[in-house]
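# Fold and contact review
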Amino acid sequence: TPFFSVLRLEMKSGTRTSLHYHKYTTKSHYVLEGMLEVELEDKKLILKKGSELTIGPFVKHRLTALGKTIFLEIATPEPFGEDVIRIEDDFGRVN
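Residues numbered from 1 in each chain as written. Predicted model: local features only at pLDDT ≥ 70, side-chain atom pairs only at ≥ 80, totals over all residues. Heavy atoms only, no water.

Within the secondary structure, His22 is located in strand β2 (residues 19-22). A distance of 3.3 Å separates polar atoms of two side chains, one belonging to His22 and the other to His20. His22 has contacts with Lys27, Pro57, Phe58, His61, Asp83 and Val84, leaving out every residue within four places of it along the chain. (Helix = DSSP H or I, 4+ residues; strand = E, 2+ residues; numbered from the N terminus. Polar contact = N/O pair within 3.5 Å; in protein donor to acceptor, adjacent residues only side chain to side chain. Contact = heavy atoms within 4.5 Å.)

And the structure:
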């Protein structure tokens, strides 16, 4: 069984992640509270409380909180090294 990590993340309304992809990890997101808008390649999805979405390596994505949002992020395998490639970032952290 590969190693994995589980994070409990909170995002304030209107905040968003980088538009990015992962070279190695598959990420699953499970919404505990609130809603997430997910940009997934060329489409947008809404994840509500109780929804789950799994995103494989090399799939460009961005998460935006629609209201205060709490969710679990499960990564398999556990992230290591230079896994994240940022394409757009509100804080200038583009690779």
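Only one face of strand β6 (residues 52-55) is covered, namely the one carrying Leu53 and Ile55; the face carrying Glu52 and Thr54 has none of its residues buried. In terms of strand pairing, strand β3 (residues 26-33) meets β6 through four bridges, oriented antiparallel. Bridge pairing in β6 links Lys27 to Ile55. (Buried < 20%, exposed > 50% of the residue type's maximum accessible area, 1.4 Å probe, protein only. Pairing = 2+ DSSP bridges.)

Glancing now at the pattern of salt bridges. Tallied over the full model, the rule gives six salt bridges. In this structure, Glu73 and Lys27 form a salt bridge, with 3.2 Å as the shortest nitrogen-oxygen distance. Note that Glu73 is positioned in strand β8 (residues 69-76) and Lys27 in strand β3, a separation of 46 residues in sequence. As far as the burial class goes, Glu73 and Lys27 line up, both buried. Among the salt bridges present, the one from Glu39 reaches Arg62, with a minimum N-O distance of 3.3 Å. Within this pair, whereas Glu39 is found in strand β4 (residues 36-40), its partner Arg62 is found in strand β7 (residues 61-65), the two being separated by 23 residues in sequence. Residue classification places Glu39 among the buried residues on the basis of a relative accessible area of 19%. For Arg62, a relative accessible area of 2% corresponds to the buried category. (Salt bridge = Lys/Arg side-chain N within 4 Å of Asp/Glu carboxyl O.)

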